[in-house]
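Overview (structure and organization)
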Amino acid sequence: MKLCIIGTGYVGLVSGTCFAEVGHEVVCVDNNPEKVRQLQGGSIPIYEPGLEEMIPRHVREGRLRFTGSIAEGVAGAEVVFIAVPTPPQEDGSVDLSFIEGVAREIAACMTSYKIIVDKSTVPVKTGEKVAETIKRYNRAKVDFDVVSNPEFLREGFAVEDLMKPDRIVIGTLSPRPVAAMKELYAPFNAPIIITDIHSAELIKHAANSFLALKISYINAVSVICEATGANVVEVANGMGLDRRIGRQFLNAGLGFGGSCFPKDLSAFIKISEQLGVDFRLLREVQAVNAAQMDRFVKKIVDTLWVLKDKRLAVLGLAFKQNTDDVRMSPAIELCQRLLKEGASLRVHDPKAMSKAQAVLPPSERVTYVEDMNDVAADCDALVIATEWPQFAQLDLERVRGQLTHPILFDGRNLLDKAEMERLGFVYKSVGR
Ligand code: UGA
């Protein structure tokens, strides 16, 4: 099928690439000319495993194109995806101006029947507004359908999640777009759920909020574990084997971050508020998440006492493993909190060092270190802030020799507690 994807962020770029991978013909549109030039030249603006190989191959074989023109993308497409950002506003609500702008542009150039699919995460009832806008601005008065098709990919595993999705949600009850969407997704061999448009929109906010709730739940349990001497990893393992609960998203740590969970929780709380409902449960999820960071900073301060003029090594800057994304990263927040306490930092991340420099500029008190095994040189303690699996392969004997005192704070429970104690570290993790 012929597709147009508007927006080449994580969702748009990876979806477009994966649609090309299963044989569709895809035109990706972006309003940033520099980004379009980069992509046309085969260079990928984000780190996402798999993309580097897939994009140039599909461009070469003619299944994937990039342009700055919505009119060009829409002209030949049967299905037009909207995958533009929906950033948070100060009051927690979502800024829908990019969605509205794109809807108007699609309307202005649409001359034949199109299926317009919203893939961006949006508040319930946005689809209705998109349909009204397109109707208002389409002078040719052609037929169209608006569908909600939320995306559930995780950064760092986006290609894998898109190629093998748990489910595909299609929000529309009109038969014409349902048939086309089923054909589009047939190669992915995943369960397809057809719902009304409002329910599809809600599924996304409800799912992300539930996953955030799961993390806050285990983080709250980790506090009880610390108070009693229990081990939160054992508790999570025991809970997770119950198939009704599942082990995923039960890793206690510094709390969740990223460009999705914090924003989506605020948005869902705001949407509820506008409907006259106080979603207190989700406000508590936010509060637990914030407290988890406070508690970890306190743990460091309680152990090292005064941080002024101390040197701390920090492993991890990305908001999680496998990505170079530092938006709303708990690791960056932790660094900022430690700097505020007066510490100097030596930091390392396998992929996020360049993006991190924009929010945590190198200075006399912030040194970026290329090799993770050098980060601890002459430091008073080492802190693990992101769950990169390679941090578990750290040369611990070397690190112990580099630290002025062998103190390690593990904010992601990556290392083996017994082994750390055997090696003579003062080892503090979360809920263990
Ligand atoms: C999340 C969802 O998992 C995706 O399904 C969704 O499509 C995406 O948001 C989105 O709305 O676009 P993502 O933000 O990429 O994906 O990352 P996650 O893997 O969900 O991790 C989010 C945060 O939770 C990270 O900071 C991670 O470190 C933290 N986390 C995750 C924990 O603290 N504990 C866990 O057990 C799992």
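Some words on the overall build of the protein chain
Helix and strand content of the protein chain: 16 helices and 14 strands. A compact globule built from 432 residues should have a C-alpha radius of gyration of about 22 Å, and the protein chain, at 23 Å, falls within 12% of that. Taken over the C-alpha atoms alone, the protein chain extends approximately 75 × 50 × 40 Å along its principal axes. Within the protein chain, buried positions represent 53% of all 432 residues. In the protein chain, 71% of the contacts between residues at least 6 apart in sequence involve partners at least 24 apart. When the accessible surface of the protein chain is summed, it comes to about 19400 Å², and 53% of that surface belongs to carbon and sulfur atoms.

Brief notes about the pattern of salt bridges
A side chain of one charge can pair with a side chain of the opposite charge when the charged atoms of the two come close. Per the stated rule, a full pass over the model turns up 28 salt bridges. Among the ionic pairs, Arg37 bridges to Glu34, the shortest N-O distance being 3.3 Å. Separated by 3 residues within a single helix, Arg37 and Glu34 lie in helix α2 (residues 33-40), roughly one turn from each other. The exposure class assigned to Arg37 is exposed, which follows from its relative accessible area of 52%. Here the salt bridges do not stand alone but share partners, grouping Glu21, Glu53 and Arg57 into one network.

Considering the packing of aromatic side chains
Applying the stated criterion to the full structure yields 7 aromatic pairs. Measuring from ring centre to ring centre gives 5.7 Å for Tyr185 and Phe188, while their planes differ by 55°; the resulting arrangement is tilted. The exposure class of Tyr185 is buried, given its relative accessible area of 4%. Grouping aromatic residues by their ring pairs yields a cluster made of Phe19, Phe81, Tyr185 and Phe188. Geometry around Tyr137 places Arg104 over its ring, the cationic atom sitting 5.7 Å from the centre.

Let's talk about the sheet that holds strand β12 (residues 381-384)
What the 6 strands build is an open sheet, ordered β11-β10-β9-β12-β13-β14; its pairing is parallel. If you trace the sheet from one side to the other, it starts and ends with β11 (366-368) and β14 (426-428), each paired once. When strand polarity is set aside, the average angle formed by the axes of neighbouring strands in this sheet is 20°. Bridge count for strand β9 (residues 311-315) against β12 is 4 bridges, and the pairing is parallel. Of the residues in β12, the one forming a bridge with Ala313 is Leu382. Here helix α12 (residues 280-304) sits on the sheet and contacts β9, β12, β13 (407-410) and β14; the angle it forms with β13, its principal contact strand, is near 170°.

Points about the site of the ligand
Taken together, 21 residues surround the ligand, and among them Phe152, Leu153, Lys204, Asn208 and Glu387 come closest. In the model, an oxygen atom of the ligand is placed 3.0 Å from a nitrogen or oxygen of the Gly257 main chain. Considered on its own, the ligand offers 710 Å² of accessible surface; in the complex 93% of this is hidden by protein. At the level of elements, α9 (197-228) and α11 (261-274) are the ones that each hand at least two residues to the shell around the ligand. It is α9 that contributes the most residues to the shell around the ligand, 3 residues altogether. Partitioned by chemical class, the residues of the shell around the ligand number 9 nonpolar, 4 polar and 8 charged.

As for the domain arrangement of the protein chain
On domain assignment, one finds that the protein chain holds domain 1 (2-190), domain 2 (205-284) and domain 3 (291-428). Here the C-alpha centroids of domain 1 and domain 2 sit 30 Å apart. Domain 1 puts 14 residues into the contact, and the matching count from domain 2 is 9 residues. Between domain 1 and domain 2, roughly 850 Å² of surface is buried when both sides are summed, and carbon and sulfur atoms account for 65% of that area. Sorting the residues of domain 1 by area buried against domain 2 places Asp91, Gly92 and Thr121 first, and these three jointly supply 33% of that buried surface. Linking domain 1 with domain 2 are 1 salt bridge, by the criterion used here. Asp91 is the salt-bridge partner of Lys270, the closest N and O atoms lying 3.9 Å from each other. Seen at the junction of domain 1 and domain 2, the total is 2 residue pairs in polar contact (both at pLDDT 80 or more).

The rules we used
In this numbering scheme, every chain counts its residues from 1 along its sequence in written order. Totals for whole chains, interfaces and linings use every residue, but because this is a predicted model, local features are given only for residues with pLDDT of at least 70 and side-chain atom pairs only at 80 or more, for both listing and counting. Hydrogens and waters are ignored; side-chain quantities use all the structure's heavy atoms. The way it works is that DSSP assigns letters per residue, a run of H or I at least four long becomes a helix, a run of E at least two long becomes a strand, and they are numbered from the N terminus. Based on C-alpha atoms, the radius of gyration is set beside the globule rule, defined as 2.2 Å times the residue count to the power 0.38. Burial classification: accessible surface area is computed with a 1.4 Å probe over protein chains only, and a residue below 20% of its type maximum counts as buried, one above 50% as exposed, and the rest as partly exposed. Two residues qualify as a contact provided that any one of their heavy atoms is within 4.5 Å of a heavy atom in the partner residue. To measure how exposed things are, a 1.4 Å probe is used in the Shrake-Rupley method; for residues, cover is taken only from the protein chains shown. One side-chain nitrogen of Lys or Arg within 4 Å of one carboxyl oxygen of Asp or Glu is enough to make a salt bridge. Working definition: a ring pair exists when centres of Phe, Tyr or Trp rings (six-membered ring for Trp) sit within 6.5 Å. Plane angles under 30 degrees give stacked, over 60 give edge-to-face, the rest tilted. Criterion for a charge above a ring: Lys NZ or Arg CZ within 6 Å of the ring centre, and within 35 degrees of the ring normal. Pairing between strands is defined by DSSP: at least two bridges between them are needed. Helix axes are fitted only over the stretch in contact, all axes being lines through C-alpha atoms; the angle between N-to-C directions runs from 0 to 180 degrees. Only heavy atoms are used to decide nearness, and a residue is near a molecule or strand if one of them lies within 4 Å of it. By the criterion applied in these results, polar contacts are pairs of N or O atoms within 3.5 Å in which, for protein atoms, one can donate a hydrogen and the other can accept it, and in which residues neighboring in sequence qualify only through two side-chain atoms. Each residue is assigned to one class: nonpolar for Ala, Val, Leu, Ile, Met, Phe, Trp, Tyr, Cys and Pro, charged for Asp, Glu, Lys and Arg, and polar for all the others, Gly among them. Note: domain ranges come from an automatic or database domain assignment. Throughout, the accessible surface (probe 1.4 Å) given up by two parts as they are put together, summed over both, is called the buried area.

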